[in-house]
Amino acid sequence: MPMENKVDYLAYGDPDGKIIIYFHGAPGSPEECSTFENHAKKYRLNIICFDRFSIDSALQNNDYYKYIANAIIEIADGEKVDLIVFSISCHAAIETSLYLKNNVRDLHLISSTAPLDAANFLDGMAGEMVFSLAMKHSSLFILLSYWQTVLAKMAPTALTAMLFASAKGEDKLL
């Protein structure tokens, strides 16, 4: 049956195993789950990672989260799922899980970020420009993420210097 909510994804591990939905960070991609392939097979896990950048950028806020939730529900076919989430994707996964209701068995947040629209967190943050771009101009953020991925492979020291250039206060010491 074709998916009503078409989202590109990659699956790793055991196709008949316990369903794990992995939300990658940004920059990041579904291919990063390939590192889990052997463990997923060994422990009978079916790890599915959506390419959230493949979703129509016209979908925003609640419509976006509902869209992902519906895609998960369709793939899970009545089974409960575990969500494993990394970094900046934590907010999207939490919002998405609200639409999954009782279909979520566990939600695991790794290196989570705060929902930046909940308060005025951005002022004074080293990543203010990047987070603002992600919230207001997702297409430009996607381009920045791809550029950072290329830079990370070709000139990681330069990327590190750029990422921490605006750090101040106690963050600068870190």
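Basis of the calculations
- Residues numbered from 1 in each chain as written.
- Predicted model: local features only at pLDDT ≥ 70, side-chain atom pairs only at ≥ 80, totals over all residues.
- Heavy atoms only, no water.
- Buried < 20%, exposed > 50% of the residue type's maximum accessible area, 1.4 Å probe, protein only.
- Helix = DSSP H or I, 4+ residues; strand = E, 2+ residues; numbered from the N terminus.
- Contact = heavy atoms within 4.5 Å.
- Salt bridge = Lys/Arg side-chain N within 4 Å of Asp/Glu carboxyl O.

Section: helix α4 (residues 128–136)
Thinking step 1. Of the positions making up α4, those classed as buried are F131, S132 and L133.
Thinking step 2. Those residues of α4 that are buried are in contact with α5 (138–154).

Regarding the pattern of salt bridges
Thinking step 1. Tallied over the full model, the rule gives 4 salt bridges.
Thinking step 2. Here D14 and R44 are joined by a salt bridge, their closest N and O atoms 2.9 Å apart. Pair noted here: D14 is in the loop between β1 (9–13) and β2 (18–23) and R44 is in the loop between α1 (37–42) and β3 (45–50), with a separation of 30 residues, a long-range link.
Thinking step 3. Accessibility expressed as a relative area gives 48% for R44, which makes it partly exposed.
Thinking step 4. Taking the shortest distance from any N to any O, the salt bridge between E37 and K41 comes out at 3.2 Å. You can see E37 and its partner K41 sitting in helix α1, 4 residues apart, about one turn around the helix.
Thinking step 5. Because the salt bridges share partners, they merge into one network encompassing K18, D82 and R105.

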